[in-house]
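In case you want the letters, here they are:
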Amino acid sequence: MHLLIAEDNEKLLKSLKHIFEKNQYLVDAVSTGPEALDYALNDDYDGMILDIMMPGLDGVEVLRKLRASGVSTPALFLTAKTEVYQRVEGLDAGADDYLAKPFDTQELLARVRAMLRRKDNFVPDLLSYDNLTLNRSTYELTYKDQCQSLSSKEYQIMEMLMQKPGVVITSDQLMSHI
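Residues numbered from 1 in each chain as written. Predicted model: local features only at pLDDT ≥ 70, side-chain atom pairs only at ≥ 80, totals over all residues. Heavy atoms only, no water.

Asks: Could you give me a rundown of helix α2 (residues 33-42), with the residues and numbers involved?
Replies: All of the buried residues in α2 are Gly 33, Ala 36, Leu 37 and Ala 40. Projection of α2 onto a plane perpendicular to its axis shows the buried side chains occupying an angular sector of 100 degrees, all on one side. Where α2 is buried, its residues contact β1 (2-6), β2 (26-30), β3 (47-50) and α3 (59-68). (Buried < 20%, exposed > 50% of the residue type's maximum accessible area, 1.4 Å probe, protein only. Helix = DSSP H or I, 4+ residues; strand = E, 2+ residues; numbered from the N terminus. Arc of directions from axis to C-beta. Contact = heavy atoms within 4.5 Å.)

This is the structure in C-alpha cells:
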C-alpha cells in the first residue's frame, strides 16, 4: 500500500514515515500544502494522511482542491485541531477520518487500515461535469463562481443528469433552468 503523508513538523513526519514503513507501507512524506497537492495530483496513492496546519496551503484546502480535481484517494486528517466545528469542516472537505494529536500509534494504524478497506466503496462528495460541480453532502450546485442550494428533487435530477454520459446538455443550458 502506497501512502502520502503531509506533516509540517519534521520530527513527527520522520516518525510517521518510520511507523508506516515498519508496517509494510510505501511512504512519500512531504511537509507543505503545495507539495502535498502536487504529489497527490501526480502519483497514485492508496491513502493520504494530512495535517491541517501546513505552510503554503492548509490540509483542508489541499483536500478540497484534490476532491474538486476528481481525486478520490481516501484521506485521514491527523491534526492538533480538535474542536467539533474543525472536525466537521475536515470531514465535509472530503476526509474519510479525523484523528486528533496526540494520538496512539495503534489507533492510527487501525484507522488507516479501516480507511483503506473502504477505499473501493468511496463515492466522492463532489460530482463534476463541464463547468458544474454538485456537492453531494451540501446539495449545492456550483457553476463558475455561482453557488445555488438545491431542493431534494432538484438535487436528484442534477445528480442523475451529471452521471449520465449519454445525455448531451451544456452547463449553460442546465444553469438557465435553475
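Don't stop here, the text continues.
Asks: Any chance you could break down the packing of α2 against α3 for me, citing the residues and the numbers?
Replies: In the contact formed by α2 and α3, the axes pass within 9 Å of each other and the chain directions differ by 25 degrees. The orientation of α2 with respect to α3, classified from their angle, is roughly parallel. Here α2 runs over α3; the crossing is right-handed. Between α2 and α3, the residues in contact are Gly 33, Ala 36, Leu 37, Ala 40 and Leu 41 and Val 62, Lys 65 and Leu 66, respectively. (Axes fitted to C-alpha atoms, helices over the stretch in contact; angles between N-to-C directions. Parallel < 35°, antiparallel > 145°, perpendicular 65-115°, else oblique. Left-handed = near helix turned anticlockwise from the far one by under 90°.)

Asks: Please provide a residue-by-residue account of the sheet that holds strand β5 (residues 97-100), values included.
Replies: Strand order in the open sheet formed by five strands is β2-β1-β3-β4-β5, and the pairing between neighbours is parallel. Pairing within the sheet leaves two strands with one partner each, and these edge strands are β2 and β5. Neighbour-to-neighbour, the strand axes of the sheet open up by a mean angle of 20 degrees, direction not taken into account. The pairing of β1 with β2 spans five bridges and is parallel. Within β2, the residue paired with Ile 5 across the bridge is Ala 29. Each of β1, β2, β3 and β4 (75-79) is contacted by helix α1 (residues 10-22), which is oriented at about 170 degrees to β2, the strand it contacts most. (Pairing = 2+ DSSP bridges.)

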